[in-house]
Amino acid sequence: MSIELVTAHAVAIAMIRTAVTGAAEQMALVLRRGAFSSAIHHAGEYAVALLDREHGVVSACLGAPTELGALRGPTRQTEAQLGAAVWQPGDVWLLCDEVLPGAYASVNCFTPVFTEGELIGFAVARANWPDPASPGLAQLGPVLIVHKGQQRAGVLDALLRDLPARHRLHGDLGAALAALRVGAARYTEVAERWGIGTLAEVRDLLAVQTRRRERDRLASLPDGVYRAEGSLDGLGGQRDLTIGIVLRITGADLTIDLTDCPDQTGHGLNCAAGQVIATCQATVNEVLHGGAPIGGGSFRALRVQLRTGSMLDATGTTYTWHEMARQLVSDLICRALAPVAPHLVRAGGGRHSLVISGEGVDPRTGGRWYGAQRIAAGTGARRDADGRDAVQEQGLYLPVEILEHAYPVRLRRFAIRAGSGGAGARRGGHGVLREYEFTGDAVISVHIERTVEPAWGLCGGEPGLPAEVILNPGTAAEYRPASGESFPVRAGDVLLCLGAGGGGFGMAPVDSPGAQPRGDHPPSRPGPG
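Residues numbered from 1 in each chain as written. Predicted model: local features only at pLDDT ≥ 70, side-chain atom pairs only at ≥ 80, totals over all residues. Heavy atoms only, no water.

### Focus on the overall build of the protein
Right, on to step 1. When its secondary structure is counted, the protein shows ten helices and 19 strands.
Right, on to step 2. Sorting the 529 residues of the protein into buried and exposed places 54% on the buried side.
Right, on to step 3. Nonlocal contacts in the protein, meaning residues at least 24 apart in sequence, comprise 71% of its contacts between residues at least 6 apart.
Right, on to step 4. Accessible surface computed for the protein: about 21600 Å², of which carbon and sulfur atoms make up 53%. (Helix = DSSP H or I, 4+ residues; strand = E, 2+ residues; numbered from the N terminus. Buried < 20%, exposed > 50% of the residue type's maximum accessible area, 1.4 Å probe, protein only. Contact = heavy atoms within 4.5 Å. Areas by Shrake-Rupley, 256 points an atom, 1.4 Å probe, with all protein chains shown as cover.)

### Some words on the side chain of T75
Right, on to step 1. Following the sequence through the fold, T75 ends up in helix α4 (residues 73-82).
Right, on to step 2. T75 gets classed as buried once you look at its relative accessible area, which sits at 0%.
Right, on to step 3. There is a polar contact of 2.9 Å between the side chain of T75 and the side chain of H55.
Right, on to step 4. Leaving out residues up to four positions away in the same chain, T75 has contacts with L51, H55, W87, F110, F122 and V124. (Polar contact = N/O pair within 3.5 Å; in protein donor to acceptor, adjacent residues only side chain to side chain.)

### Remarks on unusual backbone geometry
Right, on to step 1. Phi at K148 is positive, roughly 55°, even though this residue is not glycine.
Right, on to step 2. With respect to the helices, strands and loops of the structure, K148 is situated in the loop between β6 (143-147) and β7 (150-151).
Right, on to step 3. K148 sits in the exposed class, given a relative accessible area of 65%.
Right, on to step 4. Residue H352 is not a glycine yet carries a positive backbone phi of 60°.
Right, on to step 5. With respect to the secondary-structure elements, H352 resides in the loop between α9 (322-337) and β12 (354-361).

### Topic: the confidence of the model for the protein
Right, on to step 1. Looking at the protein as a whole, the pLDDT averages 84, with 84% of positions reaching at least 70.
Right, on to step 2. Low pLDDT (under 50) marks residues 513-529, which in the prediction has 36 contacts with non-local residues, meaning those over four places away or in another chain. (pLDDT = per-residue confidence, 0-100.)

### Quick word on helix α2 (residues 10-34)
Right, on to step 1. Taking 1.5 Å of rise per residue, the 25 residues of α2 would be expected to cover 36 Å, and the 36 Å separating its terminal C-alpha atoms lies within 8% of that figure.
Right, on to step 2. Among the residues making up α2, those that are buried are A12, I13, I16, V20, G22, A23, A24, M27, A28 and L31. (Expected span 1.5 Å × (residues − 1).)

### Points about the pairing of strand β1 (residues 46-52)
It is a general feature of regular strands that their side chains alternate between the two faces of the sheet.
Right, on to step 1. Of all the seven residues making up β1, seven are buried; the element is thus mostly covered by neighbouring parts of the structure.
Right, on to step 2. Across the two faces of β1 the burial is the same, with Y46, V48, L50 and D52 and A47, A49 and L51 all buried.
Right, on to step 3. With five bridges joining them, β1 and strand β2 (residues 57-62) adopt antiparallel strand pairing. Bridge pairing links A47 to L62 in β2. (Pairing = 2+ DSSP bridges.)

Next up, the structure:
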């Protein structure tokens, strides 16, 4: 685009940027507020985007940043499988691309957007559906659920018939369709007001600006090869899963090599390639741009190298605990860059290091229940800021009243786990303390990670405390389950869950509060009532 055109369309550029960003935000608002499932409307397990006709991101709004890498895949996959002629005005497609049996399915709904008979792009809404009955949903491929603006009732009934949460999923699907209508309408308004040609020119200009900003920041870092490694415990805390990372900065290009990692495991600590690439993209955006909005020019300078069949590019497996490996990858990127860019990175974080799940029969109703919860943790500190306390990327907590209504438990305590963040000139964020009392029998499973090598500090900062789970703490029946263990609980039993702390940054002064010895968990006390 010429300088004259840039000047002449300066107002158009600003307005189009605002319009497409606002369209994505409005889509997210409609989806979040309209969804029936708490995983979407409360926990933020969704992402929405407007794409151009080449499937590039024009604007996006992320409930969870790690959904970023999956936004372009569904439309691209459908077009590759069925051909470009498949796109018709008023159609909506559904594609499930990830299933965790018993927990969720990642479902994408998308619609082509036309102006004056010409395809200009797509509106996409991605969300996690709870409690799918089987992985069969992911084996269907792309399914046309709305044709020329009319829902195909028989198709939807067949899709949802065998799913135990189908009443909620009908509501979630309705919210996704409403979000797509809003996004498509706003996208069309922009194209009709400014013209398809101007929209394309501005899109390209914004992509160039985004790419230039990324390259300028990378070019400010010294060329070189930077390495780091870190470990996951694996089942039983054996520390047998070490991941090595190699970062290569060459001019304005960044390569992240993650081929030095174990083969895919038999106990679920695996990731699909898209999940790892999305994690790398989100971390690079955080480090280089402080989480600035993502555009079509983002990540052009980034290359991620993976090894097929490894735990970071697993095939033919269920990615049960992929969040734990992804958090380690994110931390390793910062650890590798710390020697040359300490002002840009953070210390290790404790997120995704503790997940609990349970199932049983609710004595109040006689019905079976299943629930899972990530225990919030602290993030790593930065040179200019303490880590954040009690952070969760996904799976945010239900209000206590809803939790106790939905499951046979009482929440006796919910507090910040004071002292769990690593000491330093800037302390790491603290995890949370949650204490549950069961009002019915159940079977509980726990997965605890990074206890052998907890979230590390940087530049002299101390590591955070690892996560911990204690059954009936402070009693003769106290028991500390191992990671991966399932165990029965009875009505009246108490489960104390302690979220991990983030690492500190910099050496703490000897007389600073953050440098004082940290105690163990607070003593267990009955809650009110």
